[in-house]
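Fold and contact review
Chain residues, written in single-letter form:
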Amino acid sequence: MPLFTYSCEDCDEQFEKLVRGTKSPEPETCIMCSSSKIRKIPTTFSLSRNEIDALRSLDPMYKRMVEDRMAQTPEAEPMRHLAKMTPFDVAEDPGKPIDF
Ligand SMILES: [Zn+2]
């Protein structure tokens, strides 16, 4: 099934439509503003997208929400391991310094 992308000349909205066969009627109005000034954008591929494309098409707001949540978890704190470490000068047997 070819996947066509349409662009609205009035509001710049882009939307996609799966066309089942060639006789299927194309959308005649914009899904956002109902303008009839839409044009088909040629696509070089058809059929299913892979999962990466599916992830990229996620709503940006949702993606930001997830990233904000991730940043708030303790695991996201980069200094958390340092906080658990024993300072070198109070350790009973510090051993040899590690040469980084
Ligand atoms: Zn529009």
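Below: a short report on this structure. Keep in mind it's a predicted model, so treat the numbers as computed, not measured.

Rules of the game
- Residues numbered from 1 in each chain as written.
- Predicted model: local features only at pLDDT ≥ 70, side-chain atom pairs only at ≥ 80, totals over all residues.
- Pairing = 2+ DSSP bridges.
- Helix = DSSP H or I, 4+ residues; strand = E, 2+ residues; numbered from the N terminus.
- Axes fitted to C-alpha atoms, helices over the stretch in contact; angles between N-to-C directions.
- Buried ≥ 20, exposed ≤ 12 C-beta atoms within 10 Å, placed from the backbone.
- Contact = placed C-beta atoms within 7 Å.

Turning next to the sheet that holds strand β3 (residues 38-41). Reading across the sheet, the three strands line up as β2-β1-β3 and stay open at both edges, with antiparallel pairing between neighbours. At either end of the open sheet lies a strand with only one pairing partner, and these are β2 (14-18) and β3. Put simply, the sheet's adjacent strands are angled 35 degrees from each other on average, direction ignored.

Next up on the list: the pairing of β2. Across five bridges, the pairing between strand β1 (residues 3-8) and β2 is antiparallel. Paired with Ser7 across the bridge in β2 is Gln14. The hairpin turn running from β1 into β2, its antiparallel successor, is five residues long, and Asp12 in that turn takes a positive phi close to 65 degrees.

In the Ramachandran plot, Asp12 falls in the positive-phi region, its phi being about 65 degrees despite a non-glycine side chain. Note on Asp12: 10 C-beta atoms within 10 Å, which makes it exposed.

As a further point, take the environment of Cys33. Checked against the element boundaries, Cys33 lands in the loop between β2 and β3. Residues Cys33 and Cys8, spaced 25 residues apart in sequence, show a C-alpha to C-alpha distance of 8.6 Å. For Cys33, the contacting residues outside a window of four places in its chain are Cys8, Asp10, Cys11 and Glu13.

Fair warning: the whole summary comes from geometry, so function is off the table for now.
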